[in-house]
Amino acid sequence: MPLSTTANDRFWSVTFDANNKIVAAGFVTEGTDNVFAVARFNKDGSRDTSFGVGGIARINAAVGGTLEEARGVVVQSNGKIVVGGTAEH
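None of these values were measured; they are calculated from a predicted model.

Draft legend 1. Main features of the pairing of strand 3 (residues 33-41). When you tally the buried positions in strand 3, you get 9 out of 9 residues, the bulk of the element. As judged from the 9 bridges shared by strand 2 (residues 22-30) and strand 3, these two strands associate in the antiparallel manner. When the bridges of strand 3 are listed, V28 appears paired with V35. Here strand 3 runs beside strand 4 (residues 56-59); their pairing, made up of 4 bridges, is antiparallel. Residue A37 lies in a different strand from strand 4, and its bridge partner there is R58.

Draft legend 2. Inspection of the sheet that holds strand 3 at higher detail. Taken together, 4 strands build an open sheet; the order of strands is 1-2-3-4 and the sheet is antiparallel. Each of the sheet's edge strands pairs with one partner strand only, and the pair in question is strand 1 (9-16) and strand 4. Each strand of the sheet is rotated relative to its neighbour by a mean of 25°, with strand direction disregarded.

Draft legend 3. Seen up close, the environment of V38. Relative to the helices and strands, V38 is located in strand 3. As a C-alpha pair, V38 and A25 span 13 residues in sequence and 4.4 Å in three-dimensional space. When residues no more than four places from it in sequence are discounted, the contact partners of V38 are V23, A24, A25, F51, G55, I56, A57, I59, I81 and V83.

Draft legend 4. Looking closely at the nonpolar core. Counting 8 residues, the largest nonpolar core consists of V23, A25, F36, V38, F51, A57, A70 and V73. Elements supplying a minimum of two residues to this core: strand 2, strand 3 and strand 5 (67-75). Beyond its immediate chain neighbours, meaning those up to four positions away, A70 contacts W12, A25, G26, F36, A37, V83, G84 and G85. Counting 7 residues, the second-largest nonpolar core is a separate cluster that includes V28, V35, A37 and F41.

Draft legend 5. Quick look at unusual backbone geometry. You will see that N20, though not glycine, has its phi angle at about 60°, which is positive. Mapped onto the secondary structure, N20 falls in the loop between strand 1 and strand 2. On the basis of relative accessible area, N20 is assigned to the partly exposed category, the value being 47%.

Draft legend 6. Examining the side chain of R40 more closely. Mapped onto the fold, R40 is located in strand 3. The class for R40 is buried, based on a relative accessible area of 18%. Among the polar contacts listed, one links the side chain of R40 to the side chain of D48, at a separation of 2.7 Å. Among residues more than four places away in sequence, those in contact with R40 are D17, K21, I22, V23, R47, D48, S50, F51 and G55.

Draft legend 7. Representation of the pattern of salt bridges. As enumerated under the stated definition, the model contains 4 salt bridges in all. As a salt-bridge pair, R58 and E30 come within 2.8 Å of each other at their nearest N and O atoms. Taken together, the residues span a long stretch of sequence, with R58 in strand 4 and E30 in strand 2 at a distance of 28 residues. Residue R58 is classed as partly exposed on the basis of its relative accessible area, which comes to 39%. For E30, a relative accessible area of 40% gives the class partly exposed. Notably, a salt bridge pairs R40 with D48, separated by 2.7 Å at the nearest N-O pair. A relative accessible area of 4% places D48 in the buried class.

Reading the values: rules and limits
- All residue numbers here refer to positions counted from 1 along the written sequence of the relevant chain.
- Totals for whole chains, interfaces and linings use every residue, but because this is a predicted model, local features are given only for residues with pLDDT of at least 70 and side-chain atom pairs only at 80 or more, for both listing and counting.
- The side-chain figures draw on all heavy atoms in the structure; neither hydrogens nor water molecules are used.
- Exposure categories follow from relative accessible area, calculated using a 1.4 Å probe and restricted to protein chains: below 20% of the type maximum is buried, above 50% is exposed, and the middle band is partly exposed.
- To qualify as a helix, a DSSP run of H or I must reach at least 4 residues; to qualify as a strand, a run of E must reach at least 2; elements of each kind are numbered from the N terminus.
- When DSSP finds at least two bridges between two strands, those strands are taken to pair.
- For every element, the axis is a line fit to its C-alpha atoms; helices are fit only across the contacting stretch, and the angle between N-to-C directions ranges from 0 to 180 degrees.
- Note on contacts: a residue pair is in contact if any heavy atoms of the two residues lie within 4.5 Å.
- The definition of a nonpolar core used throughout is a set of buried Ala, Val, Leu, Ile, Met, Phe, Trp, Tyr and Cys residues joined through side-chain atoms within 4.5 Å.
- Under this definition, polar contacts are N or O atom pairs within 3.5 Å; protein pairs additionally need one hydrogen-donor-capable and one acceptor-capable atom, and for neighbouring residues in sequence, both atoms have to be side-chain atoms.
- In what follows, salt bridge is the name for a side-chain nitrogen of Lys or Arg lying within 4 Å of a carboxyl oxygen of Asp or Glu.

Here is the structure:
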């Protein structure tokens, strides 16, 4: 499932939350800037639109950075999502 119909994107990691929803982390390119991206999906594979904007949360850790990728994701027992990755400017 692409994050964008017009930009480069990629998932690098996936896990499940306590409700068995799929949580995936990676990046999406916005213009010339890559940003961390976390998406949550329902059991049927559709985006969970109650999460972020349209099912996707974007985090721009390095404005203008071309190497910015969430490479790992875990969901804690309290439901908080933690991502790890790289951000270089």
